Amino acid sequence: TLTQAGRNRKKGADRKSRLIKEQLGMSVNKKVFYKQDKNASQSLSLKEDQNVYHVTPKDFKSLRDGQDLFVSATSADRDIYKSYLTLMMRHKGFGMDTPIKEVEFKLKQDLKSPSNDEQRKIFDTVYKNNKDVFERDLENYYSENKTRPKDTYDAFIKTLDAKGSESKSKFYNEMKINGYNAVLDQHDVTGSWMQAQRPLIVMDAFNTLGDIKINDISDSDIIESLKRLGAI
């Protein structure tokens, strides 16, 4: 009798549980995976000099070179990505030669992201005025995933990790016009097994993210993050 959202959360819980048991040999409190932050859909503002975090197996020196960068901006999301994403990357073999790293950035300017409702309104406006551009860019996603979701917004958010498409540029430009320099990664809130609270995409990483601090993520780091989340 689960709703679709409930089935998605259960699927995510099962995947997380399997990863933790396989790689750490620990039992999991699945109830924690069903929690939803009541503020997850609200806007978020961070002041200059606050920190945001990014988990990666890649060379951290080039992270800011691109147009945008996925980051964790809350303590809970930091623990979510530091544990579950690290385990997933290890499972896929990304960490065999290079350890999975957590990169800490200090903001060079205030960071502001919209609520999901506001972001959706911005998307709807841009999509309406550039429908042909968006549909053209989404065709690759539809073809690769062999599915065409009913909600174009949800499909589009899943494509934001792709390199600069014209539709993404138009969406980002409209976000900036509305006073935002970060996008809510809504897919990781509701559509992904990650089920983060306030995951963000910094639109202008090079000019927004400052001083770099980097640490390899150890098993003990993962375990401490899982404990803070109440997962073990």
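A few points on the structure.

About the thresholds
Residues numbered from 1 in each chain as written. Predicted model: local features only at pLDDT ≥ 70, side-chain atom pairs only at ≥ 80, totals over all residues. Heavy atoms only, no water. Helix = DSSP H or I, 4+ residues; strand = E, 2+ residues; numbered from the N terminus. Buried < 20%, exposed > 50% of the residue type's maximum accessible area, 1.4 Å probe, protein only. Contact = heavy atoms within 4.5 Å. Areas by Shrake-Rupley, 256 points an atom, 1.4 Å probe, with all protein chains shown as cover. Phe/Tyr/Trp six-rings, centres within 6.5 Å; stacked < 30°, edge-to-face > 60°.

Looking only at helices and strands, the protein chain features nine helices and eight strands. Counting only residues that meet the buried cut, the protein chain has 46% of its 232 residues in that class. For the protein chain, restricting intrachain contacts to residue pairs at least 6 apart in sequence, the fraction spanning at least 24 positions comes to 77%. Only carbon and sulfur atoms are counted for the fraction: they give 45% of the accessible area of the protein chain, which is about 12,300 Å².

Under the counting rule described, the total for this entry stands at nine aromatic pairs. Taking 5.2 Å as the distance between ring centres and 85° as the angle between the ring planes, the aromatic pair formed by Phe156 and Phe171 counts as edge-to-face. Of this pair, Phe156 sits in helix H5 (residues 152–158) while Phe171 sits in helix H6 (residues 166–177); the two residues are 15 residues apart in sequence, bridging distant segments of the chain. For Phe156, a relative accessible area of 1% gives the class buried. Judged by relative accessible area, Phe171 falls into the buried class, the value being 0%. Note on Phe171 and Tyr172: the rings are 6.2 Å apart at their centroids and 40° apart in plane angle, and the pair reads as tilted.

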